[in-house]
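Listed below are the residues making up each chain.
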Amino acid sequence: MSQHSASTSASHGGDDHDHDIAAHIRTYLIIFGALLIGTVLTVAMYYVDFSSMALTVTVALFIASIKAFLVAGYFMHLLSEKKMVYGVLILAAIFFVALMGLTLWGSNDLPRNSETKTLYVP
Amino acid sequence: MQSTASHAHTSATDSSHGHAHHEPGFFSKYIFSTDHKVIGIQYGVSALLFLLFGFFLMLAMRFQLANPGKPVPLVGPLLEKVLGEDMAKAGVMGGDLYNSFGAMHGTIMVFLAIVPVLFGAFGNYVTPLQIGAPDMAFPRLNMASFHAYFLGGVVMIASFFTPGGAARSGWTSYSPLASVTDLVNRFDGQTYWLMGMVLLITSSLLGSVNFIATIIQLRCRGMSWMRMPFFVWAQFVTGFLLLLAFPPLEAAGLMQLMDNLFGSSFFLPQGLVVSGSPLQVSGGGSPLLWQHLFWFLGHPEVYVLILPAIGIVTEVISNNIRKPLWGYKSMVYSVMSIGFLSFIVWAHHMYLTGMGTKVATFFQTTTMMISIPSVIILTALFISLWGGSIRFNSASLFALSFLPMFGIGGLTGLPLGFNASDIFLHDSYYVIGHFHYVVAPGTMFAVFAGIYYWFPKITGRHMNELLGKLHWAGSLFFMNCVFAPMFIQGFKGMSRRMSDGGTTYFGLGVDPGVLKLNNMIFWSAIGLGICQIPFIINFFSSIFMGKRAASDNPWQATTLEWSTPTPPPHGNFLQEPVAYRGPYEYSVPGAKSDFSPQGDKN
Amino acid sequence: MEIPYTYKARPDTGLYNAKVGIWLFLASEIMLFGALFSAYILLRVSAPVGFWPDVALAWPRGLLNIPIGTFNTAVLITSSVTVVLAWAALKMNNFARFRVYMVITVLCAFAFLGIKSFEYNDKFSHYVIRLQDGKALTGHIEVDGKHPRFWNFSDQWSVAKLAEQKVAKIKVEMDPERDVHGHVKAHGSHDHEVREVAVSDIVFMGSYTPATHPFFAVYFLITALHGLHVLGGALVLGYFAFPGAKMWKSNPEQFINRIEVGGLFWHFVDLVWIFLFPVVYLL
Amino acid sequence: MPEVASAHGNGIDELILYVHLLMGALFVGWFGYFVLVMFRFNKSSNPKADYVGVRSHASTYLEIGVAIVETVLLIGLAVPLWAKAVDSPPGADQKPIEIQVMAQQFAWAAHFSGADGKWGKQDTKFADRGNPFGLDTSDAAAKDDISVVTEAFLVPVNRPVIAKLSSMDVIHCFKVASMRVTQDVVPGLTIPVHFTPTKIGDYTITCAQLCGNGHASMKGVFKVVSQVDYDKWFAEKSKAGGAGGSFE
Ligand code: HEA
Ligand code: HEA
Ligand code: CUA
Ligand SMILES: [Cu+2]
């Protein structure tokens, strides 16, 4: 049986295939570099004073999202993944956004004249 | 024993001789089994025992409500001895004991009884059979899931014996109450509750990954999506609800655990003064955050309770009306939209926590939207009855009475869903009535229907019909006697979770009439309990003495589980099953019998 | 019957079982960490000004060690690329190279955890002190020549306890001064200036533990949970590299799949960190 | 239901009524159908089932009908009612009575600003059971404040009341059934409710949120009285002043 399977994997690893994988490896290394650069950038941004918190957050999350895209898209092969997986992830993404968005919205939209402190806290 | 090439072919022969040779021992057969059917039965038996336990908790509470201040008969002295004088002085239920029984009744019923029996037991046993799979996709994960559940149950039960008793902040476990009830003994019932919940959530996550993967991957040849029995669809959607709604509660549970054990302030705001002295915490947390995270699970959870129940009812009804379902496709789309929408309605439990018009409008709109697919499903089931040739047996009686019972429960959800009417009805007995109509006569009837229906497949014997009908009639009658009066009490303004049954309020002369109903409810609950005795007798005696099933398909049903041997062997099917047609082909014009099984070629 | 598609892809979905399973599991993980991030943001935006003992700040910033965090990020990214290279090596039928990459991955994982526990330890002995005049000091403290550290979270090293032990003065090894963004003020602040503080001057004092501020509560909860994921992943990958590698002989295809699935989990752990790092360290 | 005693209460009752009419219609209709089917299509009266069953599309119209009625109730009643009852406090021209209400395990307390119309200083460090509002009695503005702990307080009839709800410890729920008012009282937040009592009488504040072992007995009483009686009580109490009373 092991005989058999070894031959399967050998046939699997035909020349074409090896070539493919070698190309992949090159991509992985490039992305590795990009991720490291991204990390340096993120940290560098910290020392830049954007004066606005919103802008700081946007920039930081933007860089993080690009890094995340690279990891998910290439390392996790998400760019060439099957429909079913996309479906599951899209659901999770939608519900995550709903959870975060509605929770934040819900706790900021209080009846008028409400205050976010107890009566006696100075 | 791994085969590589043309897997499907060799595997059947492989396994049949692989398993003939060694008989598994007791432990690997019953405790550490990876067979979905054994796991299903394990789930079923444990869950039914929890159901009974939850009922006894409730009975003690109902006694207290009807007779506040009187010692609980029979078990009163025991309660005092086991739980201590603080909880049950002279056998009388104190406020703490009442609250802890209430919290544990809710928790046990939802997480340890009904979900495990619907999803764990029926889901496990029936789903792979109905899609023609040899087992679940990940059998060992399945076993781990049961063990996590069981451990969770043990932790929950153990919590009754911790100093201070079990959790007593409601099944909703709202902070700050959950974090300040016992400031001295941090390892209290609440902490146990949280640890138990983390285990139960883990169990559900493992289970739901397994179910979804199984349904996506292991459907047999010909079992296209639109040929799946509705029960499988229901389990599929339920799986997604558990998969994506539970993790936020797990996160919240961990946060509350930190609040309780490490003194953090996730859910505790600044400036709390408990029992007259300032609480020594940093503050800065938000009590409403807990509620959002809880109800983000909490609402999908109620559909976790009802969808598999509707699935069972659909199976039983379609079999007993001997005709196809009307609007199968619209039912499938409805169940999907219910699943989707159930994630964005949660704050209808929080209308009165201080919500502005915009958010409240959003959530009541989604709440109304979600009632539409429910109406569609019920309508489809009702319309399916037309033109049928309805057989009445224990299973179908329970399934049929599910419809109006769920109808009442569902309809009473509407006035709660409108925020303005919820102002009056919120946290009153009307809410209790609403959801018990869906979970008790609703879900529980589906459970009973399922048991009567699949019993012959599981054991090879029928349950006794006479006892079954007795069980049905009594349950239907007393269920209504228990829960219908609650609507009246709710209208009179009686609040839930009142350890004295409302005497303090209504002692003021506000309308003592509704208090008398407490008596009636108590005795009806006793009656309800008594009506379960025929069932329990029936259940155990039929395993050994029931009428033997005439064939592998005694109900003359169409779905694939009935084309296996009885009980199905390890691996389920003798040859590779193939689905040739839709799931409910009954009374097909021109066919030789009134049912055309999915697996029969012609 | 055997369970089908345990390692061969099902034709219509194009996936084998474990891959469906891992993606489902990761979807639930998204919700788990998503909820924690949501909690973080909610607590942060609703934090009242003047809440963090340093009155100017509503929320502590810049208290975590950025160089170390950056280094740890690099460690995790490295492990992420080595795990995918390990998979590629298997694809190319090169088992020896696979094992080397896998070992690097696991070593990175433990390096990450080691560095993390060093950070934790530092936080446990780091204090924030609010004085009568409203100012706040942060730094390591010295009481009677000892550097107290908190292992017992709920029992705060409270001012009352100091008074009880008749301690009149404590020494604070001050952190460099920071502006409202949490940036170190470059000029005028000496590293590790030591200051003496009279106990009677102290209003509040707490070490960097969950009990002191929701920020630390969130920080410890998320990073600890993330750390558990790292640990779990490292154990599984370690298993694949050595005892589990037997399967390479018996069923290489399934083994490659296992590595792929393990790798997917590992990348996810990395993904969480990619967001975690800027959010808790930098923002 | 308890008799309505507030200005907005009737609207809520109407909504409840209409929803129940919808529910009743659906229930009676479907239940009648159900019973009919049970007789007409059981095995003995209809031995051979019909493969197709119902051919008409009546049910679709029914579903659309339900959706429409729900929409109407939603937009026509529920949303505006909520906006009015919860979200639009009465303006100064309506001379609302403003009170602070503090919940604690297990009692309600009310606080009026007194004759000078100014709230005294309040701080956590003064707060305890007998002084739930943490009133700083040395503050000049606090001298005439009225704090009512555990006994009944008074409000005049036909004048809007704004109660600013807050809690010292856990979540409670301010419910006055006759006024059709329910509002959770969340520690860390101050949430106002407003209502206009229209009938003289005694009303019970109940707590509708589980808050511990004494939850069932957590009640408060207030009296709706004529403006004259109210003024008298107010003047008297304001003169006495103080942080409240004992907490039994
Ligand atoms: C299985 C469980 C289940 C189900 C299915 C539902 C279904 C619904 N629920 Fe319920 N609900 C609970 C379980 C459930 N609920 C629980 C446990 C609580 C309390 C939690 C707690 O606080 O402890 C609760 C509380 C609750 C509240 C909060 C009340 C409050 O605290 O103030 C609200 C408010 O909107 C609500 C609304 C709804 C709505 C609109 C539906 C809709 O989905 C219903 C849709 C269904 C229909 C509209 C029926 C259609 C039927 C027909 C048309 C046919 C009729 C025919 C005949 C009668 C013969 N529910
Ligand atoms: C799925 C959920 C579920 C189910 C099935 C039930 C079932 C029942 N519930 Fe419960 N209940 C809740 C979920 C549920 N409940 C929740 C979530 C709460 C809120 C808790 C809170 O406030 O936090 C609540 C609260 C609640 C209250 C309100 C308490 C209060 O607010 O003070 C009441 C009051 O009467 C009540 C009554 C009942 C009754 C009489 C039943 C009956 O229908 C029970 C009937 C059961 C049986 C008769 C047992 C049958 C047993 C078998 C068939 C076993 C056979 C065994 C073998 C064969 C091995 N419940
Ligand atoms: Cu206060 Cu219940
Ligand atoms: Cu709900």
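Some details on the overall build of chain B
Piece 1. Across its full length, chain B holds 19 helices and 2 strands.
Piece 2. Against the globule reference of 25 Å for 602 residues, chain B gives a C-alpha radius of gyration of 25 Å, in line with a compact fold.
Piece 3. For the C-alpha atoms alone, the extent of chain B along its principal axes is close to 75 × 55 × 50 Å.
Piece 4. Counting only residues that meet the buried cut, chain B has 70% of its 602 residues in that class.

Some thoughts on the coordination of the iron atom of ligand 2
Residue and element names in this part refer to chain B.
Piece 1. At this site the iron atom of ligand 2 is bound by H105 (NE2) and H436 (NE2), with donor distances of 2.0 Å.
Piece 2. Between the 6 donor atoms coordinating the iron atom of ligand 2, the angles at the centre fall across 87 to 178 degrees, so the site counts as octahedral. With a gap of 331 residues between them, H105 in helix α5 (residues 95-131) and H436 in helix α16 (residues 429-459) connect regions that are remote in the sequence.

A short note on the interface of chain B and chain D
Piece 1. Residue-level contacts link 88 residues of chain B with 82 residues of chain D.
Piece 2. For the pair chain B and chain D, the two sides together bury roughly 7,400 Å², of which 69% comes from carbon and sulfur.
Piece 3. At the boundary of chain B with chain D, the tally comes to 0 salt bridges.
Piece 4. Counting across the interface, chain B meets chain D through 20 residue pairs in polar contact (both at pLDDT 80 or more).
Piece 5. Looking at the side of chain B that touches chain D element by element, the count peaks at 14 residues for helix α12 (residues 357-385) of chain B.
Piece 6. Class assignment of the residues belonging to the side of chain B that touches chain D gives a composition of 47 nonpolar, 30 polar and 11 charged.

Focus: the coordination of the copper ion (ligand 4)
Residue and element names in this part refer to chain B.
Piece 1. Looking at the metal site, the copper ion (ligand 4) is ligated by H299 (ND1), H348 (NE2) and H349 (NE2), spaced 1.8 to 2.1 Å from it.
Piece 2. Mapped onto the sequence, the residues coordinating the copper ion (ligand 4) show the spacing H-x48-H-H.
Piece 3. The iron atom of ligand 1 is placed at 4.5 Å from the copper ion (ligand 4). Of this pair, H299 sits in helix α10 (residues 287-321) while H349 sits in the loop between α11 (328-341) and α12, and the two are 50 residues apart along the sequence.

Re the sheet that holds strand β4 (residues 153-156) of chain D
Residue and element names in this part refer to chain D.
Piece 1. Here 5 strands make up an open sheet; going across it, the order is β4-β10-β9-β6-β7 and the pairing mixed. Looking at the sheet topology across the chains shown, the edges are occupied by β4 and β7 (181-185). Strand-to-strand twist across the sheet, computed as the mean angle between neighbouring axes with direction ignored, equals 25 degrees.
Piece 2. Bridge count for strand β9 (residues 201-207) against strand β10 (residues 219-225) is 6 bridges, and the pairing is antiparallel. Among the inter-strand pairings, I205 is bridged to a residue of β10, identified as G220.
Piece 3. Across the face of the sheet, helix α3 (residues 227-240) comes into contact with β4 and β10 while running at roughly 140 degrees to β4.

Re the site of ligand 2
Residues and elements named next belong to chain B.
Piece 1. Contacts to ligand 2 come from 36 residues, most closely from R62, Y98, H105, H436 and R497.
Piece 2. Between ligand 2 and W171 there is a distance of 2.8 Å, counted from an oxygen atom to a backbone nitrogen or oxygen.
Piece 3. At the level of elements, α3 (36-66), α5, α16, α17 (465-491) and α19 (513-545) are the ones that each hand at least two residues to the shell around ligand 2.
Piece 4. The element contributing the most residues to the shell around ligand 2 is α16, with 8 residues.
Piece 5. A per-class count over the shell around ligand 2 returns 27 nonpolar, 6 polar and 3 charged.

Quick look at the sheet that holds strand β1 (residues 97-104) of chain D
Sheet strands line up and pair through hydrogen bonds in the backbone, either parallel or antiparallel.
Residues and elements named next belong to chain D.
Piece 1. Spatial strand order, β3-β2-β1-β5-β8: 5 strands in an open sheet with mixed pairing. Of all strands in the sheet, those with a lone pairing partner are β3 (146-149) and β8 (191-195), marking the two edges. Taking each pair of neighbouring strands and ignoring which way they run, the sheet shows an average axis angle of 25 degrees.
Piece 2. Sheet topology places strand β2 (residues 107-112) next to β3; 4 bridges connect them, and they run antiparallel. Note that in β3 the partner of A110 across the bridge is V148.

Some remarks on the confidence of the model for chain D
Reading predicted coordinates in detail is not appropriate for stretches of low pLDDT.
Piece 1. Overall, the prediction assigns chain D a mean pLDDT of 87, with 97% of residues at 70 or greater.
Piece 2. Model confidence for the complex is summarised by a pTM of 0.93, with the ipTM given as 0.93.

Digging into the packing of aromatic side chains
Piece 1. Under the counting rule described, the total for this entry stands at 94 aromatic pairs over all chains.
Piece 2. Taking 4.9 Å as the distance between ring centres and 80 degrees as the angle between the ring planes, the aromatic pair formed by Y46(A) and Y47(A) counts as edge-to-face.
Piece 3. Note on Y47(A): relative accessible area 53%, which makes it exposed.
Piece 4. Ring geometry for F122(B) against W454(B): centres 5.7 Å apart, planes inclined by 45 degrees, an arrangement best described as tilted. Note that F122(B) is positioned in helix α5 and W454(B) in helix α16, a separation of 332 residues in sequence. As far as burial versus exposure is concerned, F122(B) and W454(B) are alike and both buried.
Piece 5. Over the aromatic face of W225(B) sits the side chain of R219(B), whose NZ or CZ is 4.0 Å from the ring centroid.

As for the pairing of strand β3 (residues 169-174) of chain C
Residues and elements named next belong to chain C.
Piece 1. Only one face of β3 is covered, namely the face carrying I170, V172 and M174; the face carrying K169, K171 and E173 is uncovered.
Piece 2. Where strand β2 (residues 136-142) and β3 come together, 4 bridges link them in antiparallel fashion. When the sheet's bridge partners are listed, H140 is paired in β3 with E173.

Digging into the interface of chain A and chain C
Piece 1. Opposite the 51 residues of chain A that make contact, chain C presents 56 residues.
Piece 2. Both faces combined, the contact of chain A with chain C buries some 4,600 Å², and carbon together with sulfur accounts for 80% of it.
Piece 3. Its largest share of buried area at the contact with chain C, chain A owes to Y46(A), F75(A) and M76(A), together 15% of the area lost on that side.
Piece 4. Inspection of the chain A/chain C interface yields 1 salt bridge.
Piece 5. For the salt bridge of E81(A) with K19(C), the shortest nitrogen-to-oxygen distance reads 3.2 Å.
Piece 6. Of all elements in the fold, only α1 (2-12), α2 (15-47), α3 (53-75) and α4 (83-108) of chain A reach the threshold of two or more residues within the side of chain A that touches chain C.
Piece 7. Top contributing element to the side of chain A that touches chain C by residue count: α2(A), with 14 residues.
Piece 8. The residue makeup of the side of chain A that touches chain C, split by class, is 33 nonpolar, 13 polar and 5 charged.

Digging into the side chain of H462(B)
All names here are of chain B.
Piece 1. Inspection of the secondary structure assignment puts H462 in the loop between α16 and α17.
Piece 2. The exposure class of H462 is buried, given its relative accessible area of 13%.
Piece 3. What H462 contacts, discounting residues up to four positions off in sequence, is F455, P456, S542, G546, K547, R548, A549, P554 and W555.

Regarding the environment of I202(C)
All names here are of chain C.
Piece 1. Looking at where I202 falls in the secondary structure, it is placed in strand β5 (residues 202-207).
Piece 2. Judged by its relative accessible area of 5%, I202 is buried.
Piece 3. In this view, I202 contacts I129, R130, L131, Q132, V159, I170 and V197; residues no more than four positions away in its chain are not counted.

Topic: helix α7 (residues 252-282) of chain C
Residue and element names in this part refer to chain C.
Piece 1. Its 31 residues place the ends of α7 44 Å apart at the C-alpha level, agreeing with the 45 Å of an ideal helix rising 1.5 Å per residue.
Piece 2. Most pronounced at L276, the bend in α7 amounts to some 30 degrees, and the proline P278 follows within four residues.
Piece 3. Where burial is concerned, most of α7 is hidden: 28 out of the 31 residues are buried.

Some remarks on the state of the cysteines
Residues and elements named next belong to chain B.
Piece 1. For the structure on display, the rule yields 0 disulfides over all chains.
Piece 2. Here C531 stays unpaired: no disulfide links it, and the sulfur of C481, its closest cysteine neighbor, is 10 Å away.
Piece 3. Judged by relative accessible area, C531 falls into the buried class, the value being 11%.

How each quantity is defined
Residues numbered from 1 in each chain as written. Chains lettered and ligands numbered in written order. Predicted model: local features only at pLDDT ≥ 70, side-chain atom pairs only at ≥ 80, totals over all residues. Heavy atoms only, no water. Helix = DSSP H or I, 4+ residues; strand = E, 2+ residues; numbered from the N terminus. Rg over C-alpha atoms; globule rule 2.2 N^0.38 Å. Buried < 20%, exposed > 50% of the residue type's maximum accessible area, 1.4 Å probe, protein only. Donors = N, O, S within 2.8 Å, 3.2 Å for Na, K, Ca; no water. Tetrahedral: all angles 85-135°; square planar, octahedral: opposite > 155°, others 65-115°. Contact = heavy atoms within 4.5 Å. Buried area = accessible area lost by both parts, 1.4 Å probe. Salt bridge = Lys/Arg side-chain N within 4 Å of Asp/Glu carboxyl O. Polar contact = N/O pair within 3.5 Å; in protein donor to acceptor, adjacent residues only side chain to side chain. Nonpolar A, V, L, I, M, F, W, Y, C, P; charged D, E, K, R; others polar. Pairing = 2+ DSSP bridges. Axes fitted to C-alpha atoms, helices over the stretch in contact; angles between N-to-C directions. Near = heavy atom within 4 Å. pLDDT = per-residue confidence, 0-100. Phe/Tyr/Trp six-rings, centres within 6.5 Å; stacked < 30°, edge-to-face > 60°. Lys NZ or Arg CZ within 6 Å of the ring centre and 35° of its normal. Expected span 1.5 Å × (residues − 1). Bend = angle between axes of the 7 residues up to and from the residue. Disulfide = S-S within 2.5 Å.

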